[in-house]
Amino acid sequence: MTASPLRVDEGLWRDLVPQALARLLRTYGRDQIDLCEDAVQEALLAAHQQWAGQPPADPLAWLVTAARRRYIDLVRSDHRRREREAREALLALPLNGSESSAVDDSLLLLQLCCHPALPRSAQVALTLRAIAGLSTAQIANVYQLPESTVAQRITRAKRRIAELGGAVPRPGDVTERLPSVLDVLYVMFTEAHHTTIGEPAHDADLAAEAIRLARLLHAALPHDTEVSGLLALMLLTEARRPARVGADNRLIPLDEQDRRRWDQTLIAEGRALVERSVVGATPGPYLLQACIAALHAEAPDTASTDWSEILALYRLLEIVTDHRNPTIALNRIVAEAMVHGEEYALAHIDELAEQHPHLPRLAAVRAHLLDRLGRDDEAAVAYRQAIKQTRNIAEWRHLHTRLRRLLASP
Amino acid sequence: MKYLILMQVDPEVLERLTEEQQRMIEEGHAAFMAKIKESGEFIATQALADPSQSKVVRARNGVPEVTDGPFAEAKEFLGGFYLVDVEDEARVLELAKMIPDASIDGLALEIRPVMFSDLGDL
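Residues numbered from 1 in each chain as written. Chains lettered and ligands numbered in written order. Predicted model: local features only at pLDDT ≥ 70, side-chain atom pairs only at ≥ 80, totals over all residues.

**Focus on the overall build of chain A**
No. 1: Of regular secondary structure, chain A possesses 21 helices and zero strands.
No. 2: Looking at chain A as a whole, 42% of its 410 residues qualify as buried.
No. 3: Of the contacts made within chain A by residues no fewer than 6 positions apart, 62% connect residues no fewer than 24 positions apart. (Helix = DSSP H or I, 4+ residues; strand = E, 2+ residues; numbered from the N terminus. Buried ≥ 20, exposed ≤ 12 C-beta atoms within 10 Å, placed from the backbone. Contact = placed C-beta atoms within 7 Å.)

**Describing helix H9 (residues 147-164) of chain A**
Because the α-helix completes a turn every 3.6 residues, residues three or four places apart line up on one side.
No. 1: Here H9 of chain A is 18 residues long and its end C-alpha atoms lie 26 Å apart, about the 26 Å a rise of 1.5 Å per residue gives.
No. 2: Of all the residues in H9 of chain A, the buried ones are Thr149, Val150, Gln152, Arg153, Ile154, Ala157, Lys158 and Ile161 of chain A. (Expected span 1.5 Å × (residues − 1).)

**Considering unusual backbone geometry**
Residues and elements named next belong to chain A.
No. 1: Despite not being glycine, His323 has its phi angle at roughly 55°, a positive value.
No. 2: We classify His323 as exposed; it has 11 C-beta atoms within 10 Å.
No. 3: One non-glycine residue, Arg361, lies in the positive phi region at around 75°.
No. 4: Position of Arg361 relative to the elements: it lies in the loop between helix H18 (342-355) and helix H19 (362-372).
No. 5: On the basis of neighbour count, Arg361 is assigned to the partly exposed category, with 17 C-beta atoms found within 10 Å.

**Thoughts on the interface of chain B and chain A**
No. 1: Contacts between the two partners involve 14 residues from chain B, matched on the other side by 21 residues from chain A.
No. 2: When its residues are assigned to classes, the side of chain B that touches chain A shows seven nonpolar, two polar and five charged. (Nonpolar A, V, L, I, M, F, W, Y, C, P; charged D, E, K, R; others polar.)

**Looking at the environment of Arg14 of chain A**
All names here are of chain A.
No. 1: One can find Arg14 in helix H2 (residues 10-28).
No. 2: On the neighbour-count criterion, Arg14 (16 C-beta atoms within 10 Å) is partly exposed.
No. 3: Each C-alpha atom of the pair Arg14 and Gly133 lies 5.4 Å from the other, and the pair is 119 residues apart in sequence.
No. 4: Not counting residues within four places of it along the chain, the set of residues in contact with Arg14 comprises Ala132 and Gly133.

**Considering the pairing of strand S6 (residues 108-113) of chain B**
All names here are of chain B.
No. 1: Counting buried positions along S6 gives zero out of six residues, so the element sits mostly on the surface.
No. 2: For strand S1 (residues 2-9) and S6, the ladder comprises six bridges, and the chain directions are antiparallel. Its bridge partner lying in S6, Ile5 is registered against Ile111. (Pairing = 2+ DSSP bridges.)

**Description of the confidence of the model for chain A**
All names here are of chain A.
No. 1: In this model, chain A carries a mean pLDDT of 84, and residues with pLDDT of at least 70 account for 85%.
No. 2: Segment residues 1-8: pLDDT under 50, and nine contacts once partners within four positions in sequence are set aside and those in other chains are kept.
No. 3: Note on residues 89-99: pLDDT is under 50 here. Beyond four places in sequence and across chains, it has 11 contacts. (pLDDT = per-residue confidence, 0-100.)

**Concerning the sheet that holds strand S5 (residues 77-85) of chain B**
Residue and element names in this part refer to chain B.
No. 1: Strand order across the open sheet formed by four strands is S2-S5-S1-S6, with antiparallel pairing between neighbours. At either margin of the open sheet sits one strand with a lone partner, and together these are strand S2 (42-47) and S6. With strand direction ignored, the average angle separating the axes of adjacent strands in the sheet is 20°.
No. 2: Two elements, S2 and S5, share five bridges in a ladder whose sense is antiparallel. Paired with Thr45 across the bridge in S5 is Tyr82.
No. 3: Packed onto the sheet, helix H3 (residues 89-98) meets S1, S5 and S6 and runs at close to 155° relative to S6. (Axes fitted to C-alpha atoms, helices over the stretch in contact; angles between N-to-C directions.)

**Observations concerning the packing of H19 of chain A against helix H20 (residues 376-389) of chain A**
Packed helices, taken two at a time, are described by their axes: the angle between them and the distance between them.
All names here are of chain A.
No. 1: Running from amino to carboxyl end, H19 crosses H20 at an angle of 160°, the nearest separation of the two axes being 8 Å. The angle between the axes of H19 and H20 places the two elements in the roughly antiparallel class. Taken as a pair, H19 and H20 cross one another with a handedness that is left-handed. Each of Ala363, Ala364, Arg366, Ala367, Leu370 and Asp371 in H19 lies in contact with H20, whose residues at this interface are Glu378, Ala379, Ala382, Tyr383, Gln385, Ala386 and Gln389.
No. 2: Grouping the amino acids of the contact of H19 with H20 by side-chain chemistry returns eight nonpolar, two polar and three charged. (Parallel < 35°, antiparallel > 145°, perpendicular 65-115°, else oblique. Left-handed = near helix turned anticlockwise from the far one by under 90°.)

**Re the environment of Ile161 of chain A**
Residues and elements named next belong to chain A.
No. 1: One can find Ile161 in helix H9.
No. 2: Counting along the chain gives 44 residues from Ile161 to Ala117, while the straight-line C-alpha distance between them is 8.4 Å.
No. 3: If we ignore the near neighbours within four places in the chain, the residues touching Ile161 are Ile33, Leu112 and His115.

**Observations concerning the packing of helix H3 (residues 33-51) of chain A against H9 of chain A**
Residue and element names in this part refer to chain A.
No. 1: At a minimum axis separation of 8 Å, H3 and H9 run at an interaxial angle of 135°. By the angle between their directions, the pair H3 and H9 is classed as oblique. Seen from H3, the contacting residues are Ile33, Asp34 and Glu37; seen from H9, they are Lys158, Arg159, Ile161 and Ala162.
No. 2: Split by residue class, the contact of H3 with H9 holds three nonpolar, no polar and four charged.

Below you can see the structure in the form of structure tokens.
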């Protein structure tokens, strides 16, 4: 009887949070995210205490009722009550009475939390709290920040959304806000991959959260090829996770990974998504990156990877992003090295370095190319420069390993 | 992104401060802390005692040995730091300029990116 119901079925709770929040927002107005979110959190707490392993027949209805009561209490205690009531009357109307599914609710909330007027860190924190249902403490732990700092960010973000109130889109009106939502989920996902290595075990898995939210988004917009592309990209990248970190917690680069450890279920799902999406599509950046990840996933090793196709896809990716992202150019050069040789790639690296002398990973790529050519002295210089430039502890360790290996070789 | 703002102190500069400058520094730091707490960018701050109180532990033939005094004799020393989490480098520079030390000739702030964090159980 001591087991917490949250532990028993966390999935149910976490699914209920965005649904209950969306119901409240529909009733009370979309500018009320501040109070509605607090009300849902308090209702959740009450449910934890009162259900005690015996959930009611309709958990969502219970939660919504409890949250509504909490919301009303909160509004009553608010000195700006009258102001709110006036706005409520105006803003609640368009959403009232509209029947919606849990899927639409998730979409509405994602768009609300990923509002382009918020800083990225606030978008991510708010999304994790309001949609993924993580506690402030869990978010603080993931990002290694004081809980008060995270709480403050969430409070400010909610206040900002309330100020922007009227500008919130309806479900279905997705075109404007979608790129921001996709970017927030991808940042969440890549941050997970940057922080897992060498860091203490966290009780929340950002990559899993990002994938869960991308699945929600995909369920709401099954025909959007960028949404499919993002989900596929995440699945195909996540599939490599078991092979990416060594026993000593070291980063293992793609060409040295034991590909038998890649998760074939995730790869199959990711590839199926890609294959379904590319038919007749004008591919966007996420779908193109997913196509590249799929080519890596189907190759038994680096040598038999279809690098020509990967190179063509990177060139396309540069075009659709208007050549604004030098990291894509860097990845294109890595593919060029595999297709046209290291010497060819080095010339292009030097060009890119002139335009972007501080581009992350550029010195590292240069060092690897020189290393492969056996130009040891130049490679050592480049490794040392790369070690100085990196801000990623896993890459820092990996570069040291390579440099030591180089210095030890006869 | 996490950054450490290191406050480089010159004791001769501190000696020559006027009462008004001293008060401005104290009030300025208090206001700065309040501001970055409110914005959700604050992680921690510490002020350090004079380096003459330092001990140095270093290996001698592979065995740790303790000596008195600072690691390196220099006019300037590390007086304290702020640990912050911000959107980008432009923002951390903006914050550093708000620290009162940034407006006093002879004092300086060094901004270093953080590569790894473990702040214990938060």
